[in-house]
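Results of the structural survey
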Amino acid sequence: MQGPAVFMDISLEDQAQELRKYFKSLGAEISEEKSPKGIEDDLHKIVGVCDVCFKETNEADVEAILNSIVSIMVSIPLERGENLILAFSQRLTKAPGPKLGMVALQSLWRLYNNLESNSPLRYHVYYHVIELAARLGSVGDVFKGVEQLRTEFASCPPSNEQMQKLYRLLHQVLKDQNSELAAKVMIELLGTYTDENASYAREDAIKCIVTALADPNTFLLDPLLALKPVRFLERELIHDLLNIFVSEKLSSYQTFYNNHKEFVHSQGLNHELNIKKMRILTFMQMAESNPEITFDEIISELEIEEKNVEAFVIEVLKTRLVRARMDQAARTVRVSNTMHRTFGRAQWATLRDVLVSWRGNVNHAHEAMKSVAAAQSEYAAQLAKP
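Notes on the structure in this doc start here.

Parameters at a glance
Residues numbered from 1 in each chain as written. Predicted model: local features only at pLDDT ≥ 70, side-chain atom pairs only at ≥ 80, totals over all residues. Heavy atoms only, no water. Helix = DSSP H or I, 4+ residues; strand = E, 2+ residues; numbered from the N terminus. Contact = heavy atoms within 4.5 Å. Pairing = 2+ DSSP bridges. Buried < 20%, exposed > 50% of the residue type's maximum accessible area, 1.4 Å probe, protein only. Lys, Arg positive; Asp, Glu negative; His and termini not counted. Salt bridge = Lys/Arg side-chain N within 4 Å of Asp/Glu carboxyl O. Polar contact = N/O pair within 3.5 Å; in protein donor to acceptor, adjacent residues only side chain to side chain. Axes fitted to C-alpha atoms, helices over the stretch in contact; angles between N-to-C directions. Phe/Tyr/Trp six-rings, centres within 6.5 Å; stacked < 30°, edge-to-face > 60°. Parallel < 35°, antiparallel > 145°, perpendicular 65-115°, else oblique. Left-handed = near helix turned anticlockwise from the far one by under 90°. Nonpolar A, V, L, I, M, F, W, Y, C, P; charged D, E, K, R; others polar.

**Some words on the side chain of glutamine 17**
Its location among the elements puts glutamine 17 in helix H1 (residues 12-25). When neighbours within four sequence positions are excluded, glutamine 17 is seen to be in contact with Glu32, Glu33 and Lys34.

**With respect to the pairing of strand E2 (residues 322-327)**
Two strands pair when backbone bridges link them, and E2 and strand E3 (residues 332-338) are joined in this way by six bridges, in the antiparallel orientation. Bridging across to E3, arginine 325 finds its partner in arginine 334. The hairpin formed by E2 and E3 contains four residues between the paired strands, and arginine 331 there has a positive phi angle of roughly 55°.

**With respect to the side chain of arginine 341**
Mapped onto the fold, arginine 341 is located in the loop between E3 and helix H19 (345-384). Lacking a salt bridge, the buried arginine 341 has glutamate 288 as its closest oppositely charged neighbour, with an N-O distance of 5.9 Å. Separated by 3.3 Å, the side chain of arginine 341 and the backbone oxygen of isoleucine 244 make a polar contact. Only 2.6 Å separates the side chain of arginine 341 from the side chain of glutamine 285, close enough to count as a polar contact.

**Observations regarding the sheet that holds E2**
An order of E1-E3-E2 is seen for the three strands of this open sheet, with the pairing classed as antiparallel. Both edges of this open sheet fall to strand E1 (292-294) and E2, since each of them pairs with a single strand only. Pairs of neighbouring strands in the sheet enclose a mean axial angle of 25°, with direction left out of account. Sheet strands in contact with helix H16 (residues 271-289) are E1, E2 and E3, and its direction is about 85° off that of E3.

**Structural notes on the packing of aromatic side chains**
Summed over the entire model, instances satisfying the criterion amount to 11 aromatic pairs. For the pair tyrosine 112 and tyrosine 126, a centre-to-centre distance of 5.4 Å together with 50° between the ring planes defines the contact as tilted. Within this pair, whereas tyrosine 112 is found in helix H5 (residues 97-114), its partner tyrosine 126 is found in helix H6 (residues 121-136), the two being separated by 14 residues in sequence. The two residues tyrosine 112 and tyrosine 126 agree in class, both being buried. Both rings, one in tyrosine 123 and one in tyrosine 127, keep their centres 6.3 Å apart while their planes meet at 40°; by these two values the pair is tilted.

**Some thoughts on the environment of glutamine 90**
Tracing the backbone through its elements, the reader meets glutamine 90 in helix H4 (residues 81-92). A relative accessible area of 38% means that glutamine 90 is categorised as partly exposed. Between the C-alpha atoms of glutamine 90 and histidine 128, which are 38 residues apart in sequence, the distance is 6.9 Å.

**Focus: the pattern of salt bridges**
Pairing between side chains becomes possible if they bear opposite charge and their charged atoms approach one another. Evaluation of the coordinates by the stated rule reveals 17 salt bridges. Note that arginine 202 is salt-bridged to glutamate 236, the shortest N-O span being 2.6 Å. Linking arginine 202 in helix H11 (residues 202-214) with glutamate 236 in the loop between helix H12 (228-231) and helix H13 (237-247), this pair joins segments that are 34 residues apart in sequence. Here arginine 202 falls in the partly exposed class, since its relative accessible area comes to 43%. Glutamate 236 sits in the partly exposed class, given a relative accessible area of 25%. Via salt bridges that share partners, Glu147, Arg150 and Glu188 belong to a single interconnected network.

**Remarks on the packing of helix H10 (residues 179-191) against H11**
Packing of H10 against H11 brings their axes to within 9 Å, and their N-to-C directions diverge by 150°. Here H10 lies roughly antiparallel to H11, going by the angle between them. Considering how the two elements wind past one another, H10 and H11 form a crossing that is left-handed. Between H10 and H11, the contacting residues are Ser179, Ala182, Ala183, Met186, Ile187, Leu189 and Leu190 on the first element and Asp204, Ala205, Lys207, Cys208 and Thr211 on the second. Here the residues of the contact of H10 with H11 sort into eight nonpolar, two polar and two charged.

**A few points about the packing of H13 against H16**
Each packed pair of helices is defined by two parameters, the angle between the axes and the distance between the axes. Two elements in contact, H13 and H16, have axes separated by 8 Å at closest approach and are oriented at 45°. Classified by the interaxial angle, the pair formed by H13 and H16 is oblique. Listed contacts from H16 to Ile244, Phe245 and Ser247 of H13 are Asn274, Lys277, Met278, Leu281 and Gln285. In terms of residue class, the contact of H13 with H16 is built from four nonpolar, three polar and one charged.

Dropping the structure here:
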């Protein structure tokens, strides 16, 4: 997102006075005269009434006014910069309607990008940018992911508490728009807690689990169990439910649901969608140890009617979690590869064996190539003899 640049051929002081006159003409309680205290005080007075410009019906005029304020704000040293920028940002987040809201968003984004990269004020502006972008449905224009966010604040990292506040806002905004990205944001949030304060992250940890369970594209849930705040939920129902999605089968979920229906619904989880995900996870687990799965096993384990087996297998294959070929005539599914639901010591051992075997094959091929090259050299030497 880019905001239009504003260039004026008058001094900052005269520019501030013109803004004073403009806001006075709109009925704002502000003097037209320059402040004897200097340009920063002028700017404080202007920011205090800047939202009056939203009375304008011409968006281009509003854009020019807001960007004029931004151009002054980034051109002078601010002793009271935090309060000034916070006040300006907060007023812009209240811009009425989508058109003026977008104008305000562009001005805020311009302010953010024109602050020094090591300025702690950038965090405050960015937070309000996300607030306003959320209201306009434009978060994707400014937030590209957690890696990009780290880069944004690399020169001046916000405090742990500030990042937690920002992650919570992003999660709230994204959970209904991009559940996968919302889950990544929540995992980042939980990663900000330490052993000393992980016990205070209970609400965040529960939101993280629920978001991951509800996301139709998230199937590998094992990493959540390693997060410190999640570990503090052990022996609670939400942790038990997570464990079922991590390593148990559909039958375990059905038992849990029958015993705790109210709890599942109280978390905002959809039982039918839970069953759909658990069927896929159960099939993955079956495929880990069984290269050939019969239709009868699928019907029994996944509680699927026979007429729906083929459609289910096709749905699983679309996830790319399992690579297999269906043989309708033999009523079997032949598995060639599957992603593991959990990755523990056994999986690391298997991976090690595969890599050792691969290295051995590479070494064998290398030696064979050397032998062939030596034989070719010797043959060429023989041919060269008179």
